[in-house]
Every structure is written in structure tokens, then in C-alpha cells.
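Commentary on secondary and tertiary structure
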Amino acid sequence: MPAGEDRRLIFLCREGAEEGYRELMRRYEKYVYTLCFRLTGNREDALDLTQETFIRAFQHLDRFEPGRPFKPWLRQVAVRLSLNHLRDSRAGTGEKPLSLEYALGEQIVLGDTLTSGDDPAAAVEWRDLSARIWEAVGRLPPVYRLVVTLRHQEGMSYQEIAEAADLPVGTVKTYLFRARNRLKTELARLYGWEV
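What counts as what
- Residues numbered from 1 in each chain as written.
- Predicted model: local features only at pLDDT ≥ 70, side-chain atom pairs only at ≥ 80, totals over all residues.
- Heavy atoms only, no water.
- Phe/Tyr/Trp six-rings, centres within 6.5 Å; stacked < 30°, edge-to-face > 60°.
- Helix = DSSP H or I, 4+ residues; strand = E, 2+ residues; numbered from the N terminus.
- Buried < 20%, exposed > 50% of the residue type's maximum accessible area, 1.4 Å probe, protein only.
- Salt bridge = Lys/Arg side-chain N within 4 Å of Asp/Glu carboxyl O.
- pLDDT = per-residue confidence, 0-100.
- Contact = heavy atoms within 4.5 Å.
- Axes fitted to C-alpha atoms, helices over the stretch in contact; angles between N-to-C directions.
- Parallel < 35°, antiparallel > 145°, perpendicular 65-115°, else oblique.
- Left-handed = near helix turned anticlockwise from the far one by under 90°.

Notes on the packing of aromatic side chains
Tallying each qualifying case throughout the model produces 8 aromatic pairs. Look at Tyr33 and Phe37: their rings are 5.9 Å apart centre to centre, the planes differ by 15°, and that puts the pair in the stacked class. Here Phe37 and Tyr33 lie together in helix H2 (residues 18-40), a separation of 4 residues that amounts to about one turn. By relative accessible area, which is 2% here, Phe37 ends up buried. Note on Phe54 and Phe58: the rings are 5.9 Å apart at their centroids and 45° apart in plane angle, and the pair reads as tilted. Taken together, the positions of Phe54 and Phe58, both in helix H3 (residues 43-59) and 4 residues apart, correspond to about one turn of that helix. Each member of the pair Phe54 and Phe58 is classed as buried.

A closer look at the pattern of salt bridges
All told, the structure shown has 10 salt bridges when counted by the stated rule. Note that Glu23 and Arg26 form a salt bridge whose closest N and O atoms lie 2.4 Å from each other. Of this pair, Glu23 and Arg26 are both found in helix H2, 3 residues apart, which corresponds to roughly one turn of the helix. Taking the relative accessible area as the measure of exposure, Arg26 reaches 58% and is therefore exposed.

Let's talk about the confidence of the model for the chain
In the predicted model, the chain carries a mean pLDDT of 79, and the fraction of residues at 70 or more is 78%. Taken element by element, the predicted model of the chain shows its lowest mean pLDDT in helix H5 (residues 110-113) (38) and its highest in H3 (93). Of the regions scoring below 50 in pLDDT, residues 91-116 engages in 45 contacts with residues more than four places distant in sequence or in other chains.

Examining the packing of H3 against helix H4 (residues 70-88)
Look at H3 against H4: their axes get within 9 Å of each other, and the N-to-C directions meet at 130°. Considered as vectors, H3 and H4 are oriented oblique to each other. Viewed along their axes, H3 and H4 form a crossing whose handedness is right-handed. Along the contact surface, H3 presents Asp45, Leu49, Glu52, Thr53, Phe54, Arg56 and Ala57, while H4 presents Trp73, Leu74, Val77, Ala78, Leu81, Ser82 and His85.

Structure representation (C-alpha cells):
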């Protein structure tokens, strides 16, 4: 999505044109929902947070710097709202893991990982492994799930995660280390791998 087109739409929003709002939502709604779902592990919460993200973003478009990319700014709004939700709900005690009943989004797409000539059995195995990994991520404590999602789904640097989560960089690294160890242990147990 060209940044120039986003800027044009933001300008339309600032002028009060409904077309700008609709088009920005159409472009980013699935992305924001997937991010919120991965952070909360709950479909209903993710839907609510997606709606709240767009409401907040549109209310504060005057704070957006037009020379910057829109998607990272919108991501920041979604992450902060999700973090506040997790803190407010005291999540982490008996929280439900991610459900495979609902699509996990487009972040891990089989076609992106395999070329057309690859082994179909390997494709099925990759799909199973990626689903199990995200299920395991969904069972992590919320703060671990947050840093893993921002690092491995969003590709954010340690510094960016620290700023988004309002944590020291060292704490982000520690949480990632602990989360990866938990995931490694769980997957090793599940698949009979040696740790």
C-alpha cells in the first residue's frame, strides 16, 4: 500500500470525508484484528479492540505526522489498547489459549513458505507446526505473548517493542528469552524433541 495513498486518505479524513475513513479501515482492518487477536487470544476482545483502535486513531489523526508511514502508527494504537486491556482484565490467570476455530490471519501463509514444486507432505507438516506454535504462543502469559508477537509477527526491534510496551529493553530481552524457552520446552514435549 503506497504511503502516498495513505496520506491522501488521511487528508480526506481530516476534511471529514467518509470515503477516507472507509478506505483506511478496509486496508487495515484485517491486520489490526489479527494483531489484537494474537495479543489477547480472544476473538470477541480482538473485535472490540479493532473497533476501538480505529475510533482512537480517527479521533487523533491530528497527531499523525503525514511524512511518516501510517501502518506503524496504527499498530502502536492497537498495541497500547491491547496492553491496557490485558492489564485491566488482569489476564493471565486462566486465560483461554488461541482457538483454531477462527483464522489466525495472513501472517503465516503456506504459499509464502513453499514454492509450487515443494513436497505436499512437507506443506501439511509446516501448516500443522505453525498452528501448534501459535497455539503455544496463545498459552503464554500475556506479557510473553506480547513480546513474541511483536518480535516474530511484526518484526519489531527490541527498542521498538520496549517503546510500544513501555518496558526497559533489557526486560524485553528477558521476556523474549523466557518465552522462547517455554515454547521450545512445550514443542519438544509435544513432538518428542530433545531440549
